[in-house]
Structure formats: C-alpha cells, structure tokens
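So the chains spell out like this:
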Amino acid sequence: ASPDSGTEVSEALETLRRVFGYDTFRDGQQEIIEHVVDGGDALVLMPTGGGKSLCYQIPAQVRKGTGIVISPLIALMQDQVDALRALGVQAGFLNSAQDFDERRVVEAQYAAGELDLLYLAPERLRLSSTVELLDRGTIALFAIDEAHCVSQWGHDFRPDYLTLSGLHERWPDVPRIALTATATEATRAEIASRLNLEGAKQYVASFDRPNIQYRIEPKTDAKRQLLRLLQNEHAGDAGIVYCLSRNSVEKHAGFLTQNGIEALPYHAGLDAGTRAANQSRFLREDGLVIVATIAFGMGIDKPDVRFVAHLDLPKSVEGYYQETGRAGRDGLPSTAWLAYGLQDVVNLRKMIDSGEGDAAHRRRQAVHLDSMLALCETVGCRRVQLLDYFGQSGEPCGNCDTCLSPPETWDATVAAQKVLSVIVRLDRERRQKFGAGHIIDILLGKKSAKVIQFDHDSLKPFGVGTELREAEWRAVVRQLLAQGLVTVESDHGTLLQTDASGDVLRGRRTVMMRREPDRPTAKAAKTAK
Ligand code: ADP
Ligand code: ZN
C-alpha cells in the first residue's frame, strides 16, 4: 500500500467513477475503503442493499494483487463474476460446481497476477492445494462475505467459516474485511472473536430502511389475506412470498396462479434446473411473484421488489430483517407484510424442540423466537423495535402498522410489578435458573414440583396473580421482554431484571400493553423453557 492516503482516496473515487459509473460514495463506503486500502482490518455491518460489495471490490483494485472473496453463495458466483467482467474487472471464482479444466484456467490466471478478484467457496480454504495456490500469487485482501455464517448463535451457521480464523496466522500482512447485513451486538462480538478480528475497525451503518412499511397482522385466512394484499396494493408488482414448508410453497404458488397472479415456486425440493430458471425469470422479468422457502434470496439483487410477504412466522428477527430487506432496494415505497397465528408458534416450538443440536442450541433458538414474537406484539413502532434489536435507536416512524393505527392497550403496570417482584426474589437465589413457566406458576399459586422443591410457595408473591390466566401471564411476560423491562439470559432462559425494571417496581413508570382477543401464546410458549 502506498503511504499517502490522500491519493488513495482519490484513486478509490476514481475507480468508483471509472469502473462502476457512480459519482459519489454512499454513507460509510469511503471510510471503509480508505481503511482497507491502507491495510487495516474491518468488520462492516450494513443492511442488504447498502453497498457492501464495493467496500472490498474497490480496495481489491486499488491495492496490489488479487482480492480473495470468501462467499457461501456458490450459486451466485457465476453471476457476480459475470457482472464484474461486464464492467471490465478481472474476476474469477473457484468452487466445487466447476470442472477441473475451468478451475485450472482460473488458477493460472490468479498465479499470473491477472485477477483483481477471486471468489472462493469457504470449504476450498481447507484444501492445502488452495493454500499453495494462494501463495503463488499476491493477495490484496481477504473479504469475508456473509460473515454472520461464522456465528453459531445466528441462523445461518456454516462450519467451514470457522476455518477462516486461520487466515490471519497464515497471511498476517493481508488486510481482512468481514461483511454482513445481519448482526446484533452478540453476533457482532462472536464474528469478531471467531474470525480473529477483535482488533478490526467496526463500521455499523444505520439499519433503517425508511421506504419499507412494516405490517404484522394476526392470521385468519392466510390465502385470502395474501390475495387481498396483492390485488389491492400490489397489482402487477414483483414480490416475494415466504412460506415455511415446500408443501406450502407449492400450494400458495398454485393458488396465486389460479387467481391470475403469475407466481413461481422456489424451494430446495425442486430440481436445480427449475430453481435456477425460476430465479432467473424472477430477476429478469417484470412483475413476477416468487413463492419460496427461505432457501431463496440470499445475495439476490433485484432492486424493484415491491413487497415481501411472510405467510409463516420467521424464526428470528435477524431472518425477518434479512428477508424483508429484499424489498425496496431501489428506495421506493415497499411493503413488508407478515401474517402469524397460534399454529406458527406451535410449529416453530416443535421444530426447535425436536430439532438438531444440544440444549443450549435449542434455548438460543427459543430466545430468537421470543424476540420475533415480541416484535409481532409490540404496541410501539415496529421500526423502533427492529432497530433496537440491532442496537440502534430511532423515533416512531409513521410508516408501520402500529404507527398508522395504534393498537388498543391496557394498563399492565400492576401485572408487570407482580412479575418483576417474583424475578427480584428469584434473583436472590442466583445459582438457580428459573424461566417464565416457573414465575407464572408462582404468580398463579401453583404448587408444582419445582415450586415445592425450592420452597417458593412461601414467597410473598405466591398466588398474587390469579386475576389473569396462564396465557395472559405469558403475554405479559413476553411484552415485558418486548419492552426491555425484563431480559432473558440466553443460555438458560432465566428471566432477569433490566436497568429499566426498577422504575416499574417503584411505581415511577406505567406499562401499557397491547390488547388482543385471543393471543397466540398459551400452549405455544409452554415448550420453550
Ligand atoms: P449489499 O451487498 O450491501 O447488499 P450491494 O453491494 O449489492 O449491496 O449494493 C447494492 C446496490 O447499490 C448495487 O446495485 C450497487 O451497485 C449499488 N451501489 C453501491 N454503492 C453505490 C454508490 N456509491 N452509488 C450508487 N450505487 C451504489
Ligand atoms: Zn412505526
């Protein structure tokens, strides 16, 4: 790297204009690019569509050598490389989908120093042949795309990403830039530690997507609700409809088609040819609807997706944010619409309980689901809640359903105080772990085995909460979580006070909660703890 960062910035800007045809950098890009050009490590959090790619594509061109891009999106490598080549950037990729001859050509180009960018599937770095190959050329930087894939806490874990922690030992002088569109504080810390990027500069862009209108409604008749949305508000628009199962994808694609809306299915059960054809039609043609499982969408860059509809509850806020983030990348008004019901919660709980992984993994998934439910149930602005989840603050937006038509609320201060008073008392028995179920048993005065075992029927709040049913208490607890008045210790599901709890306990703060007729929580939440 040249020592004079002044000229580097202008070289970066010059590259932006000459190669990519854009006049100015977007928020954050210039700073990040400058830092990486200078040889620094970076951890970049930017929402989908924020412009992460340029953050490594430009330094790769400005710095000597080839930028190595590690990406899990094998299916998109060809497209990404084609797009770069069309701009005159020398790019290639190596993955298991290629045949031997194709690989040889790319390897020779790299070794000859002819490539600006080389895309690699993460598993290739486990091969000693790849490591030897990399040593035959000059590495300008490592870009680790979709960096959240290293997080076991997140929803997209890829074991191969763990090997990326070794890049720094092997090539200590090569700058590394890790990028993701989805990371809470916890995930961010995990990415930094697992990728050996504790010393990296962190760039966190705003996660707000003001042009997306967030709406979440109870599921009554999902098909009809969807049809109404598409016909009344999005006739002729391109959009994505997410379903949890393949079966449901097929069913809803058929239903929309029967009703005169051209809809293509996409899920892992379709053969690769059909999947690729449907994806490319969706990308290239106007006004198509794709009905898909979450297998669809990572890395998809279609600017004019006008709506993303979820017919089933996403498993986490991160997933929800990522999926809805595919709407409105062009900045024009778009809709993120979700219908959820009791059965969703039951299904997801079951999936969690019968799924793979150890108890800790299941508890983490349960916590993810609770955060998602909290978003569904908030009385406040959805956008504020969403940003808060990512550790960012915002003002009520005026462009989400709860801002546009505020839900009916009730004064739940006393109920909140009762829950908190139990938590406070249990907190004194720090060595023990008590979840929501146990707290509710105490409030209801139930002499469960655990209540008896710990002598909790002698606690002062024992039996003080008989005015609400168990389901209602669960709703109260969940909304306390949603409002940050209670927090949950992720490894054990233990409910804890927060800094804000004290004000409620001391009567300095009222707590309002959303009133809903029959809340989809009762049985559903039971299996969580
Ligand atoms: P991400 O990877 O963060 O989802 P991309 O890198 O794909 O986002 O960028 C999203 C879109 O924004 C792309 O079409 C890209 O060409 C465009 N873009 C990125 N940076 C700029 C810029 N400085 N000016 C104009 N358009 C940009
Ligand atoms: Zn709002």
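Procedures and definitions
Residues numbered from 1 in each chain as written. Chains lettered and ligands numbered in written order. Predicted model: local features only at pLDDT ≥ 70, side-chain atom pairs only at ≥ 80, totals over all residues. Near = placed C-beta within 6 Å. Nonpolar A, V, L, I, M, F, W, Y, C, P; charged D, E, K, R; others polar. Axes fitted to C-alpha atoms, helices over the stretch in contact; angles between N-to-C directions. Helix = DSSP H or I, 4+ residues; strand = E, 2+ residues; numbered from the N terminus. Parallel < 35°, antiparallel > 145°, perpendicular 65-115°, else oblique. Left-handed = near helix turned anticlockwise from the far one by under 90°. Contact = placed C-beta atoms within 7 Å. Expected span 1.5 Å × (residues − 1). Buried ≥ 20, exposed ≤ 12 C-beta atoms within 10 Å, placed from the backbone. pLDDT = per-residue confidence, 0-100. Pairing = 2+ DSSP bridges.

J.: Hey, could you run me through the site of ligand 1 in this one?
T.: For ligand 1, the set of nearby residues contains 14 residues, the closest of which are Tyr-22, Gly-50, Gly-51, Lys-52 and Ser-53. Split into classes, the residues belonging to the shell around ligand 1 amount to 5 nonpolar, 6 polar and 3 charged.

J.: How do you make sense of the packing of helix α17 (residues 413–427) against helix α18 (residues 436–444) when you look at a structure like this?
T.: Contact pair α17 / α18: the axes reach a minimum separation of 10 Å and the direction vectors enclose 115 degrees. It follows from the interaxial angle that α17 and α18 lie roughly perpendicular. The handedness of the crossing between α17 and α18 comes out as right-handed. Mapping the contact onto sequence places Lys-418, Val-419, Val-422 and Ile-423 in α17 and Ile-439, Ile-442 and Leu-443 in α18. Across the contact of α17 with α18, the residue classes tally to 6 nonpolar, no polar and 1 charged.

J.: I'm lost on helix α14 (residues 359–377) in this one. Help?
T.: The periodicity of an α-helix, 3.6 residues per turn, causes residues three or four positions apart to be oriented the same way. For α14, which comprises 19 residues, the first-to-last C-alpha distance of 27 Å matches the rise-based estimate of 27 Å (1.5 Å per residue) to within 8%. Counting buried positions along α14 yields 14 of 19 residues, so the element is predominantly enclosed.

J.: Please clarify how the confidence of the model for the protein should be interpreted in this entry.
T.: One rule of thumb: low pLDDT means the predicted coordinates there are not for detailed reading. On average, residues of the protein score 88 in pLDDT, and 93% of them are at 70 or above. Below a pLDDT of 50 lies the segment residues 518–529, which in the model reaches 28 contacts outside its immediate sequence neighbourhood of four places, other chains included.

J.: I keep staring at the sheet that holds strand β2 (residues 66–70) and nothing clicks. Help me out?
T.: Consider a sheet: its strands pair through backbone hydrogen bonds, and that pairing is either parallel or antiparallel. Spatially, the 7 strands line up as an open sheet ordered β3-β4-β2-β5-β6-β1-β7, and their pairing is parallel. In this open sheet, the two edge strands, each paired with only one partner strand, are β3 (91–94) and β7 (201–204). Taken over all neighbouring pairs, the strand axes of this sheet differ in orientation by 20 degrees on average, direction set aside. Sheet topology places strand β1 (residues 42–45) next to strand β6 (residues 176–180); 4 bridges connect them, and they run parallel. The partner of Ala-42 across the bridge, within β6, is Ile-177.

J.: Help me out: how do you make sense of unusual backbone geometry in this one?
T.: In most cases, non-glycine residues show a negative phi, while peptide bonds are predominantly trans. Backbone geometry places Asn-196, a non-glycine residue, at a positive phi of 65 degrees. Residue classification places Asn-196 among the partly exposed positions, given that 17 C-beta atoms sit within 10 Å.

J.: Where do I start with the sheet that holds strand β13 (residues 334–340) in this structure?
T.: Strand order in the open sheet formed by 6 strands is β8-β13-β12-β9-β11-β10, with parallel pairing between adjacent strands. Single-partner strands in this sheet number two, and they are β8 (212–218) and β10 (263–266). For this sheet the average axis-to-axis angle between neighbouring strands, irrespective of direction, equals 15 degrees. In terms of strand pairing, strand β12 (residues 305–310) meets β13 through 4 bridges, oriented parallel. Its bridge partner lying in β13, Val-308 is registered against Ala-336. Docked against the sheet, helix α10 (residues 246–258) engages β9 (238–242), β10 and β11 (289–292), running at close to 170 degrees with respect to β10.

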